[in-house]
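A closer look at the structure
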Amino acid sequence: MTNALWGLDTVTLAVGIRNGKFTARNVVTACLERIDATNPQLNALTEVRPEAALEAADAADLAVAEGQPLGLLHGIPVVIKACVDVAGWATDQGCAALQGNIAEQNSPCVQNWLNAGAIVLGRSNTPEFACRWETTNDLHGATHNPWDA
């Protein structure tokens, strides 16, 4: 079942994690496996931190087991565009000159997601400065359409 979890919608995942149908670790693992299988061809993600995501998933599962209050996105894996600040991650905006631009704090939208229980898997590619309709840049290259490469 783990491999199929990456394709479920957020509501199904959130309910399933809350009621113990599956664990946040299983959901995150399924997503990481899918990233490993598809990202080399798609180049959608520029950075992934599996260890941190799995650690966050284990903490999410512990919170469920202990009956702690859970946010709406508890245990849900997400990726954040490389033009939005995530503390400790590079906000390079697809620009080589900014590849060392490490965010000191989360943007408000990222903080809201984290407060709701989301788990950051990685950073998604972006057009340089998010200024074009297609995702390509000199730093990370082009992201390819999974249905029409």
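Please read all numbers here as calculations on a predicted model, not as lab measurements. (Residues numbered from 1 in each chain as written. Predicted model: local features only at pLDDT ≥ 70, side-chain atom pairs only at ≥ 80, totals over all residues. Heavy atoms only, no water.)

1. Brief notes about helix H3 (residues 50-65)
As a reminder, the rule being used: In this description a helix means any DSSP run of H or I spanning at least four residues, a strand means any run of E spanning at least two, and both kinds are numbered starting from the N terminus. To estimate the expected span of a helix, count its residues, drop one, and scale the result by 1.5 Å. Each residue is assigned to one of three classes by its accessible area relative to the maximum for its type, calculated with a 1.4 Å probe on protein chains only: buried under 20%, partly exposed between the two thresholds, exposed over 50%. Contacts are residue-level and defined by heavy atoms, with any inter-residue pair within 4.5 Å sufficient.
With 16 residues, H3 should reach 22 Å at 1.5 Å per residue; the first-to-last C-alpha distance of 22 Å fits that figure. Burial in H3 covers these residues: Ala53, Leu54, Ala57, Ala60, Asp61 and Ala63. As for H3, its buried residues are in contact with helix H2 (24-42) and strand S3 (119-124).

2. Quick word on the packing of H2 against H3
To describe two helices that pack against each other, one gives the angle between their axes and the distance between the axes. Cut-off, in case you're wondering: Lines fitted to the C-alpha atoms define the axes, with helices restricted to the stretch that makes contact. Angles between their N-to-C directions range from 0 to 180 degrees. Roughly parallel here means an angle under 35 degrees, roughly antiparallel means over 145, roughly perpendicular means 65 to 115, and every remaining angle is called oblique. Residues are sorted three ways: Asp, Glu, Lys and Arg are charged, Ala, Val, Leu, Ile, Met, Phe, Trp, Tyr, Cys and Pro are nonpolar, and all the rest, Gly among them, are polar.
Packing of H2 against H3 brings their axes to within 8 Å, and their N-to-C directions diverge by 160°. Here H2 lies roughly antiparallel to H3, going by the angle between them. Here Ala24, Arg25, Val28, Thr29 and Leu32 of H2 come into contact with H3, specifically with Pro50, Ala53, Leu54, Ala57, Asp58, Ala60 and Asp61. For the contact of H2 with H3, the residue count by class is 8 nonpolar, 1 polar and 3 charged.

3. Some points on unusual backbone geometry
Phi at Gln93 is positive, roughly 55°, even though this residue is not glycine. The topology assignment puts Gln93 in the loop between strand S2 (77-81) and helix H4 (108-115). Even without a glycine there, the phi angle at Ala130 is positive, about 55°. Within the secondary structure, Ala130 is located in the segment after S3.

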